[in-house]
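# Coordinates in review
The primary structure of each chain is shown beneath.
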Amino acid sequence: MNKGIHGIDRKKLIAKIAVFATLASLFIFVFLPSFFLISFTFTKWPDVYTEVFANPFIGDTNWIEIQKHLALSLRLAFFAVMLDLLFGIPLAYLLARKKFWGKGFLEDLITFTLVIPTSGFGFATVLTWTTTSGLGYLIGRGIVDIDFLIPLINVPFMMLIVHIALTFPYIVRTLQAKLEDLEPVFEQASRTLGAFPLTTFRKIVFPLTLPAIFSGGVLAFARSLGETGATMVVSSIYTTAPIAVIRWVSQFKFGSASFLGCLLIVVASAVILPVEFVLQKRGGPTFRFFSIRRIEKKILKTEKFVSRRLSRIKDVISLIFILLIVILPIIIVLNSVALSWSHDPDTGRVEGSVLYQLFGPSNYFASLLKATMVSFASAFVATYVATCIAIPTVFLIERHRLGRFIRSMLRIPLIVPTSALGLSILLLWGPGGLKLVNPGVWLIVLTHIVFSVPVVVEPIIATFEGSEIPMFEGAARTLGATPYNTMETISLPLLKRGILTGFILSFTRSLGETGATFLVMGSDVTIPPLVVNMVEALAIPAALFASTYLIALSFVLLLVFRMVTKR
Amino acid sequence: MPDVKMLNVTKTFDKGRIVAVDHVDLFVHDKEYLTLLGPSGCGKTTTLRMVAGLVEPDEGEIYIGEGRVSGLPPEDRDIGYVFQQYALFPHMDVWDNVTYGPLVKGWNEKKSEGIGREMLELVRLYERTDAFPRELSGGMQQRIALARALAAGAKLLLLDEPLGALDAKIRNELRYELRKLVKDLELTAIHVTHDQGEAMAISDRIAVMRKGKILQVGTPQELYMKPQHLFVAHFIGESNFLEGYVSKVTKKETVIELRGGLMVRTLDKTHKEDDKVVIAVRPEVLTIEKGKKEGVNSLFGQVEKFRFEGTNTRCEIRFENGDSAVVVRPALMTEWLDVGEKVTVSFPVEKSFVFPYPKRGLREELTLE
């Protein structure tokens, strides 16, 4: 009897320790770095204040700069998300509801821009729009100048294009998943009651998928706000907030950098968390203001016209959109590499060739090889550690009373712009703070763990909630399995697919991360910053090769991702 | 005048590998209540969905009233469609659901409110206009779905297993309500179900389908009294099947030899001597007597099972030749029989159906798959 009671006590103790260890690692590796920048700014407020608002030499110039950069970032993110919605919603609808030849390929292309390290893709986009190697070939000069500012909205064209390409998959994928879950019977019912396809979309599909559209929009917004790799490549004379953070850190202006980083975190949270909160409530908001009769009739007429005349056009537009912003840049990079492989295609000089730059005096091939090693090593270690933290975290989220709270807290590392995160890590573990780790591979790993944990957690939760694990666990327990047995033989095997998906998503994200890595890498350069450096050093053939290399790498990752996620 | 005509309609799925509907011809009269009846996977729902325009046929033509509707989207066919899972819009309350059709058709407010109210009163749920679908029971939801389909003003009502998701008792109540409504409003209705009891109770005519083909169309009585197909005899009501050969054909009757040399007389006129045939006899036309009695169409056997089922008794008999048959008699008019007891089973000459022996075997022919 005594033994029995002892046994229970020991089990409880082990459970307590497990919960504590999970919470502690979450706190140390994930939450602390996310929030440290804010506390740092508060504790160093006098210094920060002096540097930002009352610099003895330049006054509040830094503050004015901060406002300018932040405003650009917000405008950019806003318009990118708006255009994402415009093109993404029809595309998601097309993918979810229609069967057509090449659909699998189209889906792969959309995943592709999620996995590609963005700096390489940014370079491909620049090539496509601003040079004669790209679309400019048709008119003999670049379609736009790299610093072309779109009038009225004051957003640089190149930045907008690149941000759309990198963020629209978030909308398409979340909405597509939701649409595939939504029984087509509602749409059919609406059609049989006399509603045109577009009316059906407005009154039935849109309200029912609004939560998915919102959460896709939130992810896209966050990604745009924090995007660094591609943005640096296309930035020209413009500076977004994340770029400013990196630039100021390299100039040792920590006060301005950390203040801007803080603002980024606060703004991202202020925009995103309320939306998330509303969405957490069942059903989401319903819109009734469309129901005004007189306008309604006019809308119906337009919808009838559009449904009748333009139904194919929206599909065609979606496809042209993909062609322009995803396929074309890839083709153009590949073509340019081929053209300048052994000599410069314009001047014929060997010095301007890919081969010369790779193996010549500057020996970019060696740097690329080294960067690959660093990238893979740090991505693997970070993802591995993150997965080890994520698995118990999922069980904590599903079983513990703190679960919901932890889940919403885990949204924060995802929305903190990575350059702010890098700065935070630098000031926490690095030479600026506890002096535990110097910039280099290990600091990269610590940084990547922060956003990798939530990236791994999400697919595992999705698998958990989709597979009735509690039922199977219950069955195992009634057959005499201990909790540990159950975990080992039932829960983990059932979660395998989710864990693998999370691992790969996190690995690719880590491989492509630029903003934070720039600040914490020291001399251990990873591939994406290397591409940025090549572009800034105007080593164009080398950048071309590196971009091709990244694209090839992404295709391999995509293939692995497909193998894992296909049922 | 919404009569519905389907001419040579075919639909395949999976690049032609699955033939869902196979060259079907069907005519539904104006104001008729027609049921498509068949086991699951027989193509009845696909047929209905083609009438609605939710699925386009590969071949053939469909007419609603005078107009050819092939290629027309569902919203232009002027139909009401009731789905098995109700498909009430979850984000709208009852009122918005019911007035959805009038709204999207751009009718004026007075007219749509009038018809919405009328239809909700018709299904006796006017007091629940503010409720959301999830707050209503299955039966209520299906009545709202019906009101919604009717409110759109269509004269052709298409019902896809509308009672399939409901409890048995509610299902029985609602089927009469449904028929009354259709008749009162003078609608044409096409109803899909796999429940033969429901089909018999509700329909003017029934079309029995199997494997994408319509086997027989007729009133419930016709299908029961004069099944023209082995499968129809099996699927509508119940039948005992006995295999045999035609041994003699006379002007008056056909004599069939069963296994073991047992002779049975029928009024069948369609077969010639030596044809292999199957005789179908309803369990409820068989009479049963204790002991061995001689007579026309009398077969001797032993009681294998005897069950009391409330209204009826059900008795399984094994004949001398090894064949077996089920006899169903009203419980109040039946003697209690013991297992193993010797009995005589007989049936009137005019109460049997004779079918040619199916090429792919009897068991295969009767399978519901």
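Only a predicted model underlies this, so the values are computations on that prediction, with no experimental measurement involved. (Residues numbered from 1 in each chain as written. Chains lettered and ligands numbered in written order. Predicted model: local features only at pLDDT ≥ 70, side-chain atom pairs only at ≥ 80, totals over all residues.)

## Quick look at the overall build of chain B
In terms of regular secondary structure, chain B is built from ten helices and 20 strands. Across its three principal axes, chain B shows a C-alpha extent of roughly 75 × 45 × 35 Å. The 369 residues of chain B split such that 41% are buried. Long-range pairs, those at least 24 residues apart, make up 65% of the contacts in chain B with a sequence separation of at least 6. (Helix = DSSP H or I, 4+ residues; strand = E, 2+ residues; numbered from the N terminus. Buried ≥ 20, exposed ≤ 12 C-beta atoms within 10 Å, placed from the backbone. Contact = placed C-beta atoms within 7 Å.)

## Examining the overall build of chain A
Looking only at helices and strands, chain A has 24 helices and two strands in total. Viewed in the frame of its principal axes, chain A has a C-alpha envelope of about 90 × 70 × 50 Å. Scored against the burial criterion, the 567 residues of chain A give a buried share of 47%. Taking all contacts inside chain A whose residues are at least 6 apart in sequence as the whole, residues at least 24 apart take part in 79%.

## So, the domain arrangement of chain B
All names here are of chain B. By domain assignment, chain B separates into domain 1 (4-234) and domain 2 (240-366). Contacts between the two partners involve five residues from domain 1 and, on the opposite side, seven residues from domain 2. Residue composition of the side of domain 1 that touches domain 2, grouped by class: four nonpolar, one polar and no charged. (Domains from an automatic or database assignment. Nonpolar A, V, L, I, M, F, W, Y, C, P; charged D, E, K, R; others polar.)

## With respect to the pairing of strand E17 (residues 312-319) of chain B
Residues and elements named next belong to chain B. Sheet analysis places strand E16 (residues 298-308) next to E17, joined by seven bridges and oriented antiparallel. In the strand pairing of E17, Arg-307 is matched with Arg-314. Turn length for the E16-E17 hairpin, with the two strands adjacent in sequence and antiparallel, is three residues, and the turn residue Gly-310 shows positive phi of about 95°. Of the pairings in the sheet, the one linking E17 to strand E18 (residues 324-330) comprises seven bridges and is antiparallel in character. Within E18, the position partnered with Thr-313 by the bridge is Arg-329. (Pairing = 2+ DSSP bridges.)

## What about the confidence of the model for chain A?
Looking at chain A, pLDDT values average 85 and 95% of them are 70 or higher. Low pLDDT, under 50, characterises residues 282-287 of chain A; the predicted model gives this stretch ten contacts beyond four residues in sequence or across chains. (pLDDT = per-residue confidence, 0-100.)

## With respect to the interface of chain B and chain A
Taken together, the contact between chain B and chain A spans 20 residues of the former and 19 residues of the latter. Those elements that provide at least two residues to the side of chain B that touches chain A are strand E6 (79-82) and helix H3 (100-104) of chain B. Top contributing element to the side of chain B that touches chain A by residue count: H3 of chain B, with three residues. Across the side of chain B that touches chain A, the residue classes break down as twelve nonpolar, four polar and four charged.

## Considerations on the environment of Asp-315 of chain A
Residue and element names in this part refer to chain A. Relative to the assigned elements, Asp-315 resides in helix H13 (residues 311-339). Accessibility expressed as a C-beta count within 10 Å gives 16 for Asp-315, which makes it partly exposed. Between the C-alpha atoms of Asp-315 and Phe-35, which are 280 residues apart in sequence, the distance is 44 Å.

## What to know about the pairing of E16 of chain B
Looking at chain direction, E16 of chain B and strand E19 (residues 342-346) of chain B are connected through five bridges and run antiparallel. Within E19 of chain B, the position partnered with Leu-299 of chain B by the bridge is Val-345 of chain B.

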